[in-house]
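# Report on the structure
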Amino acid sequence: MSTGHINITGKTKVLAILGDPVEHSLSPPMHNGEFDRLNLDYVYIPAGVKAEELEACVRGLAAAGVVGFNVTIPHKQNIMKYLTEISPEAQKIGAVNTVKIVDGVLHGYNTDAPGWVEDIQQDILLERNTLCMIGAGGAARAVAVGALLAGISRLFIVGRNLEKIKALAESLMLEFPEKEIAVRALDDPDAGNFVGESNILVNCTPVGMESNPGIPIPAEWLREHHYVYDTIYVPAETELMKATRQAGGAVRGGLGMLARQGALAFKIWTGIEPDVERMETTLRRTLS
Ligand code: NAP
């Protein structure tokens, strides 16, 4: 696979992804492939950074004149305290995944939420729909804020830990007081009704990944009217997606979200619109 950067010079602009672990990140081939194809003199490198080294790493990158970086697990919240400016959307989500450094000033953004909104809206408009989200972690928060900003009328959250889903709902209600937001624990007898009343379901748990097989909700809850977005992208078709198809519903997996958050970050750093379909193809090829 081409990295496109056998000709790194003193002028090459540097980008990075900070995470722990970062070895399996698909972002370096996705961005470097696109820099190569657009003939842009940038390089994107992985940087495994421990939580206790994050501040030193960020200061060092800024001092070294790096253009910007992505932030992934576990740093998406902690990074915020080292930034000078944070976009209103990232503030609502409470997480930053993209940083641009301009004259030593660090600007933080969240491209996960708009990336997911762009991807799902290829199939279905969010406005005035009822969306039920499974899970209450980082991806769930980005999906919730993205969906609420895009105009869904009702948000249901189901999850295994009632305290955590309640806490997420309460913080979202502060940001979106005009919206109907309700929660049910997965073992609540009413949780299946929540799912039944929703037309869009989004899996924001790792249940269904190759390393975490299974289905996050009982397959009997799935119906023909359901559109299911699974944020998981390995495997390409999860058990939840299979069961939804069998029930007559429609599905989409999470690879497009990954490509679109990357494309939005690319544009923030370079000012150039990349070819998002080509970035998704690069991801697919890297995975295979
Ligand atoms: P996270 O912050 O750790 O949150 C995971 C959530 O899933 C938590 O609410 C957790 O419940 C819940 N959960 C975990 N195991 C569960 C189980 N067995 N049954 C029910 N709920 C369970 O992780 P994250 O960063 O949000 O990532 C979640 C998923 O989103 C991952 O699969 C990841 O691949 C995907 N993702 C995709 C993209 C993309 O670009 N496509 C981007 C980000 C994330 P508790 O709160 O009780 O712990």
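A quick note: this is a predicted structure, and the numbers were derived from the prediction, not measured.

### Comments concerning the site of the ligand
Around the ligand, the structure places 20 residues, and the nearest of them are Ala136, Ala139, Arg160, Thr231 and Gly254. At 3.3 Å from an oxygen atom of the ligand is found a main-chain nitrogen or oxygen belonging to Gly137. At 2.9 Å, a backbone N or O of Thr231 approaches a nitrogen atom of the ligand. Within the residue set of the shell around the ligand, elements represented by two or more residues are helix H5 (138-149) and helix H9 (255-270). Split into classes, the residues belonging to the shell around the ligand amount to 11 nonpolar, seven polar and two charged.

### Some words on the sheet that holds strand E2 (residues 42-48)
Backbone-to-backbone hydrogen bonds join strands into a sheet, with any given pair of strands oriented parallel or antiparallel. Strand order across the open sheet formed by six strands is E2-E1-E3-E5-E6-E4, with mixed pairing between neighbours. A strand with exactly one partner marks an edge of an open sheet, and here the two such strands are E2 and strand E4 (85-86). Here strand E1 (residues 13-19) pairs with E2 via seven bridges, running parallel. In the sheet register, Leu18 faces E2, and the bridge partner there is Ala47. Packing of helix H1 (residues 27-37) onto the sheet brings it into contact with E1, E2 and strand E3 (68-71), and relative to E2 it is tilted by some 170 degrees. Packing of H9 onto the sheet brings it into contact with E1, E2, E3, strand E5 (98-102) and strand E6 (105-109), and relative to E5 it is tilted by some 5 degrees.

### Notes on the packing of H1 against helix H10 (residues 276-287)
The contact between H1 and H10 brings their axes to 9 Å, and the two run at 130 degrees. Classed by the angle they form, the pair H1 and H10 counts as oblique. When you trace H1 past H10, the crossing you get is right-handed. Of H10, the residues touching H1 (which contributes Pro29, Met30, His31, Glu34 and Arg37) are Arg278, Met279, Thr282, Leu283, Arg285 and Thr286. Classifying every residue of the contact of H1 with H10 gives four nonpolar, three polar and four charged.

### Things to note about the pairing of strand E10 (residues 200-203)
Neither face of E10 is exposed, since Ile200 and Val202 on one face and Leu201 and Asn203 on the opposite face are all buried. As defined by bridge partners, strand E7 (residues 130-134) adjoins E10 across four bridges and the pair is classed as parallel. Bridging from a neighbouring strand, Leu131 pairs with Ile200 of E10. Relative to strand E11 (residues 227-230), E10 runs parallel, the two being bridged by four bridges. For Ile200, the partnering residue across the bridge sits in E11 and is Tyr227.

### Focus: H5
Here H5 contains 12 residues, and its C-alpha end-to-end distance of 17 Å stays within 8% of the 16 Å for a straight helix at 1.5 Å per residue. Along H5, the residues that are buried comprise Ala140, Arg141, Ala142, Val143, Ala144, Val145, Gly146, Ala147 and Leu148.

### Let's talk about the pairing of E5
Here E3 pairs with E5 via three bridges, running antiparallel. Across the sheet, residue Gly68 finds its bridge partner in E5, namely Lys100. Bridge count between E5 and E6: five bridges; the pairing is antiparallel. Looking at the pairing, Lys100 lines up with His107 of E6.

### Examining the sheet that holds strand E12 (residues 250-252)
Reading across the sheet, the six strands line up as E9-E8-E7-E10-E11-E12 and stay open at both edges, with parallel pairing between neighbours. Every other strand in the sheet has two partners, leaving strand E9 (180-185) and E12 as the edge strands with one partner each. Strand-to-strand twist in this sheet, taken as the mean axis angle between neighbours without regard to direction, amounts to 20 degrees. Packing of helix H4 (residues 112-120) onto the sheet brings it into contact with E7, E10, E11 and E12, and relative to E11 it is tilted by some 140 degrees. Along the sheet, helix H6 (residues 162-175) contacts E7, strand E8 (154-159) and E9; its crossing angle with E9, the most-contacted strand, is approximately 175 degrees.

### Quick notes on the nonpolar core
Counting 33 residues, the largest nonpolar core has Trp116, Leu131, Met133, Leu155, Ile157 and Leu172 as its most contacted members. Among the elements of the structure, H4, E7, H5, E8, H6, E9, E10 and E11 are those that each provide at least two residues to this core. With near-sequence residues (within four places) excluded, Leu131 lies in contact with Trp116, Leu126, Ala147, Ile152, Arg154, Leu155, Phe156, Ser198, Ile200 and Val202.

### A short note on the packing of H5 against H6
Put simply, H5 and H6 touch, their axes get as near as 11 Å, and they point 35 degrees apart. For the element pair H5 and H6, the recorded crossing hand is right-handed. Taken together, the residues of H6 that come into contact with H5 (itself represented by Ala140, Arg141, Ala144, Val145 and Leu148) are Leu168, Ser171 and Leu172. When grouped by side-chain class, the residues that make up the contact of H5 with H6 number six nonpolar, one polar and one charged.

### As for the packing of aromatic side chains
Under the counting rule described, the total for this entry stands at five aromatic pairs. Their ring planes at 55 degrees and their centres at 6.0 Å tell us that Tyr44 and Trp269 sit as a pair that is tilted. One end of the pair, Tyr44, is in strand E2; the other, Trp269, is in helix H9, with 225 residues separating them in the sequence. The residues Tyr44 and Trp269 share a single accessibility class, namely buried.

What counts, and where the lines are drawn
- Residues numbered from 1 in each chain as written.
- Predicted model: local features only at pLDDT ≥ 70, side-chain atom pairs only at ≥ 80, totals over all residues.
- Heavy atoms only, no water.
- Near = heavy atom within 4 Å.
- Polar contact = N/O pair within 3.5 Å; in protein donor to acceptor, adjacent residues only side chain to side chain.
- Helix = DSSP H or I, 4+ residues; strand = E, 2+ residues; numbered from the N terminus.
- Nonpolar A, V, L, I, M, F, W, Y, C, P; charged D, E, K, R; others polar.
- Pairing = 2+ DSSP bridges.
- Contact = heavy atoms within 4.5 Å.
- Axes fitted to C-alpha atoms, helices over the stretch in contact; angles between N-to-C directions.
- Parallel < 35°, antiparallel > 145°, perpendicular 65-115°, else oblique.
- Left-handed = near helix turned anticlockwise from the far one by under 90°.
- Buried < 20%, exposed > 50% of the residue type's maximum accessible area, 1.4 Å probe, protein only.
- Expected span 1.5 Å × (residues − 1).
- Core = buried A, V, L, I, M, F, W, Y, C linked by side-chain atoms within 4.5 Å.
- Phe/Tyr/Trp six-rings, centres within 6.5 Å; stacked < 30°, edge-to-face > 60°.

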